[in-house]
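Structural features, examined
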Amino acid sequence: MAQRRKNPETPGTPSGPQSSLNFEGAMNHATTPVFSLEEEESIVPGGPYVSSNLAIRFSYKLSKIFFIPLEFAVDSLLSMFIHTTSKEVQNKSIVWFLIKALLFLILLFVSIPLALFAFIIWCPLQLIRPRAFTYVCATSKPKSDTNYKRISSQEFHATSLNPPLATFATQNPNTYSLVTANICLMPEFVAHINNLCNSKQRGRKIADYFCGRQVQTATNTKHKSNQRDSSITETGSITSTLWSISSKEQCVSDVFPGPSDFLCLQEVFDGQATNCLIEGLQTKYPHIIYDVSWPIHDRRLSILGSGLCVASRHPFIDAKFRAFPDGHRDDKLACKGLLMTKIFLGSTDTGEDLVGFVANTHLQAWSHSSASSVRCKQLNCISLWMEEFQRESKMRAKTSKEVTVFNIITGDFNFDRVSHYDSREQHCHFLNNFVDPCIDSSSGNQHSWVVGTELNQKMIHTDPVCTPQGLQRMLVSELERHQYVASTMAHKSTLTRNGDGKRRIDYILYKPCQDVQLGVKDFKFFTGLATMSDHIPVGMMFSCERVSS
């Protein structure tokens, strides 16, 4: 870990009012230092072995290259036999099908020795793995000594960021937006099982969507995700004109207001699709942590990574990943866990650093008692790990004063707050420490405007919901939503589900911070990933204000 950055004095910045802590003045004051000072970062950009010597980095890269032929052969061969409803029946001869299958089978057997050799190289390297993630930073370049400097202000404004991040930050300095989504960027044959296909192409489209660019839907209908409506402010933040009413039309949107401050993604697994995703996101999100994994942990080996990714328009100053010790069935193949990040938001006139904590996770899948037991253990781990990370991070920053502005956790929790079979998770102590904006604090029930986020996979490509506009119309329909979205089942005695289409398993939760009041300005469900994911993205805009001690 590099040394903690010092609080520099920056000439030419507005002094602002000298109050105990005024977030608006503080962020205006901090806009220039965040991106123009030539100072050392806390996280070095690069892959997991960026701090290792050249031989180790070369061996790791070589092992990954040698795995590619086997991965391609297995993925292509299996995906041929798993069909999705998005593909029309092709009248190709059985001969052509057999020829392709034979070619992939030959490649499979030829690549096995190469993959075994790669595994022999790769496996020992995991025992000396320095860190769990890859970090890319658009405004920085790695140096041979693993340290790097930020670019000058003139160089920054000459980059391709459009609009410049500094301009975005000054428009509403004490308000932030966060979006979370499970995007199912799996290997192709696994994506087919979930009734999705073309992971690489979906990666590009998803990046375009979250960057506010035009997206071509499966029905050849262009959806302009940077289109504005009456519920979007000029700053590009998520906001509702009628936040106080319970109408679902105000909370389900088929348009996306452009890049959020923070983007948390789950199930970012496939290598080529991930590269397409990150390449697209970098144009709007300068700081991205992905490729998160710790393959050898708790006496087991995880073949897949965690699938977690966090993209930010503000710089990371600390990050840590912890893998869950428990898993059930096929979840053991993935290195599921908790990715914790600490983000630098600016400095006050009194020299205090404003920081925020954003954590991203993906809990155990399936709905039965064994899976429920595992999820409860994972929630307990999350509580301990988040407290431990903040405590250790604060100790590393003992040379400077910090104010924690927000503490948020997001992700795919794989349980809802209503169904009886998720009752164990609902009563976990973890949920008592966090605020869920979708829950009415007085009654403990979900707000009436809440909709489900887990789509019925078999229905993803049907005409009524294959466009963002169509999916939006169905989500706000009380009569039709249950056909396309998973429903809750409140009572065990109920023979069938309620048919409410309200199984919400994707969460944004926040923990109150000392002397800082977090106010939720809006909460939205976005339908722009219609036919591209089996989950509904969720977004929250919130403000942070200092309160008197």
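Quick caveat, the model's predicted, so the values are computed rather than measured.

Parameters and conventions
Residues numbered from 1 in each chain as written. Predicted model: local features only at pLDDT ≥ 70, side-chain atom pairs only at ≥ 80, totals over all residues. Heavy atoms only, no water. Core = buried A, V, L, I, M, F, W, Y, C linked by side-chain atoms within 4.5 Å. Buried < 20%, exposed > 50% of the residue type's maximum accessible area, 1.4 Å probe, protein only. Helix = DSSP H or I, 4+ residues; strand = E, 2+ residues; numbered from the N terminus. Contact = heavy atoms within 4.5 Å. Salt bridge = Lys/Arg side-chain N within 4 Å of Asp/Glu carboxyl O. Pairing = 2+ DSSP bridges. Axes fitted to C-alpha atoms, helices over the stretch in contact; angles between N-to-C directions. Bend = angle between axes of the 7 residues up to and from the residue.

Focus: the nonpolar core
In this structure, Phe406, Phe525 and Phe542 are the most contacted members of the largest nonpolar core, which totals 55 residues. Top element by residues in this core is strand β16 (residues 516-526). It accounts for five residues. Residues in contact with Phe525, not counting those within four places in the same chain, are Cys251, Val252, Ser253, Cys438, Trp449, Val450, Val451, Thr453, Arg504, Ile536, Pro537 and Val538. Within the second largest apolar cluster, 27 residues are counted, among which are Val136, Ala181, Ile288 and Leu529.

Side note on the pattern of salt bridges
All chains considered together, the criterion is met by 17 salt bridges. As a salt-bridge pair, Lys320 and Glu392 come within 3.2 Å of each other at their nearest N and O atoms. Taken as a pair, Lys320 in strand β11 (residues 316-323) and Glu392 in helix α9 (residues 369-396) lie far apart in primary sequence, 72 residues in all. When its relative accessible area of 24% is taken as the criterion, Lys320 is described as partly exposed. One salt bridge in this structure joins Asp436 and Arg417, with 3.1 Å as the shortest N-O distance. Here the residue Asp436 occupies a position in the loop between α11 (429-432) and α12 (468-475), and Arg417 occupies one in the loop between β14 (402-412) and α10 (423-426), the gap between them amounting to 19 residues. The structure contains a network of salt bridges with shared partners spanning Arg375, Asp416, Asp422, Glu425, Glu454 and Arg503.

Focus: the sheet that holds strand β15 (residues 506-510)
One open sheet holds the five strands; their spatial order is β11-β12-β13-β14-β15, and the pairing between them is mixed. Pairing within the sheet leaves two strands with one partner each, and these edge strands are β11 and β15. Within this sheet the neighbouring strands show an average axis-to-axis angle of 15°, counted without direction. In this structure, strand β13 (residues 353-362) lies alongside β14, joined through ten bridges in parallel fashion. Paired with Phe357 across the two strands is Asn407, which belongs to β14.

Some points on unusual backbone geometry
Leave glycine aside and you will find that most residues have negative phi; peptide bonds, for their part, are mostly trans. The backbone phi angle of Cys184 is positive, close to 50°, even though this residue is not glycine. Its location among the elements puts Cys184 in strand β2 (residues 175-185). Residue classification places Cys184 among the buried residues on the basis of a relative accessible area of 0%.

Quick notes on helix α3 (residues 94-126)
Along an α-helix, residues three or four positions apart point the same way, because every turn accommodates 3.6 residues. Along α3, the sharpest kink reaches roughly 35°, centred on Ile112 and followed within four residues by the proline Pro113. Among the residues of α3, those classed as buried are Ala101, Phe104, Leu108, Ser111, Ala115, Ala118, Ile121, Trp122, Leu125 and Gln126. Against the buried residues of α3 lie α2 (54-80), β8 (296-297) and β9 (300-301).

Brief notes about the environment of Gln483
Along the chain, the position of Gln483 falls in the loop between α12 and β15. What makes Gln483 partly exposed here is its relative accessible area of 37%. The spacing of Gln483 and Leu455 is 28 residues in sequence and 9.2 Å in space, taken between C-alpha atoms. In this structure, Gln483 is in contact with Asn456 and Met459, ignoring residues within four places of it in sequence.

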